[in-house]
Amino acid sequence: MRKLILLLLIAFLQLTLINVVKGQSKKKSVVIDYKIDLAGKWAFQIDSLDQGITQKWYANSLAGNITLPGSMTTNGLGSDITINTPWTGSIEDSTWFQSPAYAQYRKPGNIKVPFWLQPAKYYKGAAWYQKTVTIPTTWSKKHVELYIERSHWETTVWVDDKQIGMQNSLSTAQVFDLSNELSPGNHQITIRVDNRVKEFNVGQNSHSISDHTQTNWNGMIGQLFLKAKPLVYIDDIQLYPDIKNKLVKAHVQIINHTGKTVSTTINLLATCAKAPALRPMAKAIAVTKDTVVIEITYPMGEKPLLWSEFTPDVYKMQVQLVTAPNEKEERSVTFGMRSFSSRGTQFTINGKPTFLRGTLECAAYPKTGFPPTDLQSWVRILTVCKSYGLNHLRFHSWCPPDAAFEAADRLGFYFQIECASWANQGASIGDGNPLDQYIYDESNRIVKVYGNHPSFCMMNYGNEPNGKNLVKYLTDFVSYWKQKDPRRLYSTGSGWPIINSSDYNSTPDPRIQGWGQGLKSIINGQAPRTDYDWTGIIKNWQHPTVSHEIGQWCVYPDFKEISQYDGVLKARNFEIFHDQLKKNGLENLAEDFLFASGKLQVLCYKADIEAALRTPGFGGFQLLGLNDFPGQGTALVGVLNPFWRDKGYITGKEYSQFCNAVVPLARLPKMIYLNNETFTVPVEVAQFGQRVLNHVTPQWSIKNDAGNVLFKGGLATTIIPLGNNIKLGVIKQTLNSITKPSKLTLTVSVAGYENSWEIFVYPAVLSKVNQNIMVVNTIDNKVVETLNKGGNVLLTLKKGALKGSKGGNIAIGFSSIFWNTAWTHSQPPVTLGILCDPKHPALKEFPTQRYSNWQWWDAMSHSSAIRLDSVATGLQPIVRVIDDWVTAQSLGLVFECRAGNGKLIISGIDLLSDADKRPEAKQLLYSLISYMDSADFNPKQTVDLGKIIDLYR
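These notes cover the structure that comes with them. (Residues numbered from 1 in each chain as written. Predicted model: local features only at pLDDT ≥ 70, side-chain atom pairs only at ≥ 80, totals over all residues. Heavy atoms only, no water.)

1. A word on helix α2 (residues 375-387)
Applied cut-off: A run of H or I in DSSP becomes a helix once it reaches four residues, and a run of E becomes a strand once it reaches two; helices and strands are each numbered from the N terminus. Helix span is expected to be 1.5 Å times the residue number reduced by one. Three labels apply to residues, based on accessible area from a 1.4 Å probe with only protein chains included: buried if under 20% of the type maximum, exposed if over 50%, partly exposed otherwise in between. The arc in question is the one traced by the directions running from the helix axis out to the C-beta atoms.
If you check α2, its first and last C-alpha atoms are 18 Å apart, about what 13 residues at 1.5 Å a residue would give, namely 18 Å. For α2, the full list of buried residues reads Trp378, Ile381, Leu382, Val384 and Cys385. Angularly, the buried residues of α2 cover 150 degrees about the axis, an arc narrow enough to put them on a single face.

Have a look at this one:
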């Protein structure tokens, strides 16, 4: 009896170890799902001298230890950061390495880099991981695999002293066949991971490997286990939905390691909790070869549920392989009945037009330094994206893990996947290098593993390619995939090149600010309006166009964010910028700078997004981005931070007014009006909702700053089909009842969706003010005499008159900084808009918020920013310009002071030239003079008149 009890106990422990989860059927056929979880403690050793292979570390015991899943960095392993750390990623601005301004941040113990988020430890090279496993006797004569969900990145495996092989996928699990070596008993598994660029170079800035984003980590993450399968097992299942014929074609690949013909049965059953029950199918197969692909057509019923952003209904295909006489294997595959395609120049989902409202996912994860592999994390990210009106993610030069696809399937998100490469800046594509074959290999691995997910809608090689023969190579790549797998759309690369055989274009041409355009861009070089679109750009292309990396509008750093970096990456860059702000005595303005620049950033994004939505037949846009990009010199381009949290100046509800499936649009010919004009504005809608909108009566209103409705009306009741550039009518409203300078808000609502625009109306005729106030654009003897006699002077500088050392060399414009000044080599503008006190009496006749709005476009286009400290210490301006966070200078557009015995206002804005054509300048001048003619004009600070004279060139 004791012996029997002992045997039963051993059997129970053995079953627990190998996790047999399926039990037995009535016929006692065993469902094979044997697994040994390898998560936990591993032995570990760094191989910085590359001695491990020659010294046969795989045959010995490693000295250290590490916890997996994880990386060396999450385990606190590696070297301290120094000025010689061998980073992976281009550094466009190398001033940190030699500039005296950064000397304190190059000292040992206080190393702080401004290029990207900084890891606590760093290591690039080979590292060894080792674990002893016990293989149960029940695994005898089984196919045994080692599964590493994501390794970074070249991975070589040994069992005991036998090398199994090497794999180097950056995008999929690395799976090793250990069947011949893992006999029952104890074995030592040794894994060497090398994160250096070696045989093939995907590009050091590729987000799959770069320190700019996820970091070039060394380790293994996600699921990590050994699994035993029958000798005849399912290797791959690919499901091809056909919504027209209401069926799905299943391609099931079976591997036979028995060396003989085996009779099997494949059972299929598709299930969905929301759909009527479907019938199972069975097919008997004689597996005669090592590898057999079985094709089965599975009917999906009379009314299969279709997957889309509005109805993210997924099915599970249960596939069971029964091997006579007593073994069966089961697989469950997620798929969706959907067709993501195109018609003309627009994308379609299940035959209906759709519009991609996307952002980039750049693999920035400060807590860990690598992407999450759990479902909950990805559900959170995509839920945030949906709350901001998005339906699309582009994965910039990397591919996410399976949990991201599963989350997107559930929430209805369209993914563009890239094959782990940005072949530029030290790398190229199509020139016969090993990368050329790697891209084909990687793309095949990606499609095999993730190809059934309905969210996987688009794919290209990667980002912004370089190479003499790239067009030929990428043309062939697109043709290869179009022929091989019709389940998604294919293009060459994100950004370029455009070729006729692509399913869609990705190009940076349709956006309001291009790389290198500076002050000549639409938003900086043309008076504000909302009546333009990209029709002229896309007219010669016959397939959909996605605008590449639109936006890139910066905001001031949120220094409160520093405390959120409690993981492996620290915001040392923010600490540098914060130090500079404190050094210049402006620390108390940090929150104001964030809020004001954030409001300008939103204004720029709204202009970019609406231009895309206004364009008839346009395919969509991809923002760069909804959240910040932490690398490339620190690109604070998000309304969200890298943790996908908002920064306090706009919510998802507000953002989704101009970024949504349905967006009312107004084609305003200008944003500044005089009260003797008639406000005439065509109204339209971009409508990519779930269905046609019937019997809709669009409404409009114009409110003043107090929220009072001044004018309102309705447009003709209509039916709104799917599409954009759908005309709703024209608003016509006289403005002569507006007698005071006003900021007004136009709101248009359509079927419960609302969008708004702020406009400014000024009196066409201004009352006269004190003629004794001297208004000049230069200082001469008469001006000096007037000030010495106690007179009042308004000095308005002509653009270009300010000395470079006094601020004349600061390139300002209306928009915020594009990307950042480090990587654009100070492309103008290098400032982030204005900051002022709207209640200051000097601005009483020039209505404004604390931040830049459209009425400041004229001022920023006709001005220079004055370095206030070059005039007087602690000078507080009426209107301040927010400087780049790297230099954080105290800059002013308008300030007041005493000089001689008189009082003076100095305007860096030219308020006199062409004043009749510039209503904003005329109104601001009037407001300043009115202030100077009042008792409120009483400057406190005295400035040496010589300092004022010295402002001029």
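2. Side note on the pairing of strand β11 (residues 174-177)
Note the cut-off: Strand pairing requires that DSSP identify at least two bridges connecting the strands.
Burial along β11 is one-sided: Gln174 and Phe176 are buried, while Val175 and Asp177, pointing the other way, are not. Bridge count between strand β8 (residues 143-152) and β11: four bridges; the pairing is antiparallel. Residue pairing for β11: Leu146 is matched across the bridge by Phe176.

3. Remarks on the packing of aromatic side chains
Filter applied, for reference: Between rings of Phe, Tyr and Trp, where Trp is taken as its six-membered ring, a pair exists when centres lie within 6.5 Å; planes separated by under 30 degrees are stacked, by over 60 edge-to-face, and by other angles tilted.
Under the counting rule described, the total for this entry stands at 53 aromatic pairs. Aromatic side chains Phe629 and Trp819 sit 5.1 Å apart centroid to centroid with 50 degrees between the ring planes, which places their arrangement in the tilted category. One end of the pair, Phe629, is in the loop between β32 (620-624) and α10 (652-655); the other, Trp819, is in the loop between β44 (792-796) and β45 (831-836), and 190 residues separate them in sequence. With respect to burial, Phe629 and Trp819 carry one shared label: buried. Taken together, Tyr365, Trp378, Phe395, Trp398, Phe405, Phe415, Tyr450 and Phe456 form an aromatic cluster joined through their ring pairs.

4. With respect to the sheet that holds strand β29 (residues 505-507)
Each strand in a sheet pairs with its neighbour through backbone hydrogen bonds, running either in the same direction (parallel) or in the opposite one (antiparallel). Test applied: A contact between two residues is defined here by any heavy atoms of the two lying within 4.5 Å. To obtain each axis, a line is fitted to C-alpha atoms, and for helices this fit is confined to the stretch in contact; angles are then taken between N-to-C directions over 0 to 180 degrees.
Taken together, eight strands build an open sheet; the order of strands is β28-β27-β26-β25-β24-β32-β30-β29 and the sheet is parallel. Since the sheet does not close on itself, it has two edges, and those belong to β28 (489-490) and β29, each with one partner. Relative to β32, strand β30 (residues 545-551) is paired through four bridges, and the arrangement is parallel. Its bridge partner being in β32, Val546 is matched across the sheet by Gly620. Sheet strands touched by helix α4 (residues 434-450): β26 (414-421) and β27 (456-462). Its angle to β26, the strand with the most contacts, is close to 145 degrees.

5. Considerations on the pattern of salt bridges
A side chain with one charge may pair with a side chain of the opposite charge, provided their charged atoms come close. To be explicit about the condition: Every case where a carboxyl oxygen of Asp or Glu lies within 4 Å of a side-chain nitrogen of Lys or Arg is listed as a salt bridge.
On inspection of all chains with the given rule, the structure shows 44 salt bridges. Residue Lys198 is joined to Asp194 by a salt bridge in which the shortest nitrogen-to-oxygen separation is 3.1 Å. Classification of Lys198 by relative accessible area gives partly exposed; the value is 40%. The salt bridge partner of Lys727 is Glu684, with a shortest N-O separation of 3.6 Å. Placement of Lys727 in strand β40 (residues 723-734) and of Glu684 in strand β35 (residues 678-687) is noted, with a sequence separation of 43 residues between them. A relative accessible area of 1% places Glu684 in the buried class. Beyond isolated ion pairs, a larger network of salt bridges with shared partners links Asp50, Glu154, Arg192, Asp194, Arg196 and Lys198.

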